[in-house]
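Here is how the chains run, residue by residue.
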Amino acid sequence: MVDIKDIDAYFNADSEQPKNRPEDKRSRHSRFVHAAKLLLPSIAAVLIGVLLVFPSIKKDIRDIRLDITRPKQGELEKLHVENTVFYITDKNNRVNNFIADNIDETEPGSKLIKFTNPEGMLPSSPTVWTNIKAPVGYYNQKTGIFELRDDVELFYSEGMTVKTTEAFYNFEETRGYGGKPVTAEGFLGNLSSQGFEILNSDSILAFTGHTEMTIKEESLQRKN
């Protein structure tokens, strides 16, 4: 066994020797060679391990795929907005606002905007207005016409809900209209018609074509 006291004595004796002596240099050189002999096998083992693992690392990197869809030509130039409010000013400087899930320009520079689930309010006067909504809508910025499609619903502030499959509103003329079958329900009763027309400047909601109406009896009774 190695005696710890002998080791301490060896290092103590070495530290007491004068510096820069030839024996001291040879001692440091021998210790460096001894340490190198111990470290080189360890370094070699690490390098061998890296070489063994590297092929699998390289394979894993090659297997990584980024699922990125490159934008099509022209898509970056299109207008696209999500969950926003769209404001349209009519000829009488009345502000009409619409909310939508998505607003997309159909083609770059076309000025034809597609609305997903649009809903908006058309003010006629401080107390009269019409609320409109539909699954799909298109606004033509050149003509100032808003087109609503599919399950279109209009709620007139005077107490009437109108349903149809197609409706148009011209902001230049402050006029709405539709030529598809219409059903309506209000405080007076129920109604079916071949079309409708809204004259917003005069606060008028009219039904066009053949129209049938069922009046509620209680609506005709006079209140005392």
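Everything below is about the structure printed above this text.
Reference entry: report on the structure contained in this document. Being a predicted model, the structure only gives us computed values, none of them experimental. (Residues numbered from 1 in each chain as written. Predicted model: local features only at pLDDT ≥ 70, side-chain atom pairs only at ≥ 80, totals over all residues. Heavy atoms only, no water.)

Moving on: the pattern of salt bridges. Enumeration according to the criterion identifies four salt bridges in this entry. Salt-bridge contacts for Asp90 lead to Arg94; the nearest nitrogen and oxygen are separated by 3.4 Å. Taken individually, Asp90 and Arg94 each receive the classification buried, so the pair is uniform in this respect. Here Glu197 makes a salt bridge to Arg175, at a shortest N to O gap of 2.9 Å. Separated by 22 residues along the polypeptide, Glu197 in strand 12 (residues 195-199) and Arg175 in strand 9 (residues 175-178) bring together distant segments of the chain. Assessed through its relative accessible area of 24%, Glu197 is described here as partly exposed. Salt bridges linked by common partners bring Glu173, Arg175 and Glu197 together as one network. (Salt bridge = Lys/Arg side-chain N within 4 Å of Asp/Glu carboxyl O. Buried < 20%, exposed > 50% of the residue type's maximum accessible area, 1.4 Å probe, protein only. Helix = DSSP H or I, 4+ residues; strand = E, 2+ residues; numbered from the N terminus.)

Structurally, Asn96 can be placed in strand 2 (residues 95-105). The class for Asn96 is buried, based on a relative accessible area of 0%. Apart from the residues lying within four places of it in its own chain, the contact partners of Asn96 are Phe86, Tyr87, Ile88, Asp90, Met121, Leu122, Pro123 and Phe171. (Contact = heavy atoms within 4.5 Å.)

Where nonpolar side chains cluster on the molecular surface, the patch consists of Val85, Tyr87, Val95 and Ile99 and spans about 370 Å² of accessible area. Residue position: Val95 is located in strand 2. Take Val95: its relative accessible area is 45%, and that puts it in the partly exposed class. (Patch = residues over 30% accessible without salt bridge, like charges linked within 9 Å, V, L, I, M, F, W, Y side chains within 5 Å. Areas by Shrake-Rupley, 256 points an atom, 1.4 Å probe, with all protein chains shown as cover.)

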